[in-house]
Amino acid sequence: MSIRATPSNRPAEPVNDKPGQRPWLGIRFVCAGAYQRIYRNADGTKYMARCPSCGKSINFKVGEGGSNQRFFDVSCR
């Protein structure tokens, strides 16, 4: 089965990254019972998370048509 991400049930929070700070996403791996804060890659095109239990990875692309959510629930199962 593939890895899936859905916006978290948490209330949306404004994205107020300070200048010079790398933007981040909060990822809750439901399957592993773990939380990670992941940061945008150096070229600014994506975020990449890896499940701490099985090692599968998921990419969150940056750009038009994306989401304004900051927190996601991810499951490998």
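Undergrad: Which residues make up the pairing of strand β5 (residues 57-61), and what values go with them?
TA: Both faces of the sheet carry side chains from a regular strand, because those side chains alternate between them. In β5, alternate side chains face the same way, and those of I58 and F60 are buried while those of S57, N59 and K61 on the opposite face are not. In this sheet, β5 lies alongside strand β4 (residues 46-50) in antiparallel orientation, the contact comprising five bridges. Residue pairing in the sheet places M48 in a bridge with N59 of β5.

Undergrad: Any chance you could break down the environment of S57 for me, citing the residues and the numbers?
TA: The topology assignment puts S57 in strand β5. Counting along the chain gives 19 residues from S57 to C76, while the straight-line C-alpha distance between them is 9.3 Å. Residue contacts for S57: discarding those within four places in its chain leaves I3, M48, A49 and R50.

Undergrad: If you had to explain the state of the cysteines to someone new, which residues and values would you point to?
TA: A complete count under the given rule lists zero disulfides for this structure. This cysteine, C31, is not joined by any disulfide, and C76 carries the nearest cysteine sulfur, 3.7 Å off.

Undergrad: Talk me through the pattern of salt bridges; I want residue IDs and the actual numbers.
TA: Under the definition given, this model contains one salt bridge. We note a salt bridge from D73 to R28, for which the minimum N-O separation is 3.0 Å. Residue D73 is located in strand β6 (residues 71-75), and its partner R28 is located in strand β2 (residues 24-29); the two are separated by 45 residues in the primary sequence. R28 gets classed as partly exposed once you look at its relative accessible area, which sits at 42%.

Rules used in this analysis
Residues numbered from 1 in each chain as written. Predicted model: local features only at pLDDT ≥ 70, side-chain atom pairs only at ≥ 80, totals over all residues. Heavy atoms only, no water. Buried < 20%, exposed > 50% of the residue type's maximum accessible area, 1.4 Å probe, protein only. Helix = DSSP H or I, 4+ residues; strand = E, 2+ residues; numbered from the N terminus. Pairing = 2+ DSSP bridges. Contact = heavy atoms within 4.5 Å. Disulfide = S-S within 2.5 Å. Salt bridge = Lys/Arg side-chain N within 4 Å of Asp/Glu carboxyl O.

These results come straight from atomic positions and should not be treated as a statement about function.
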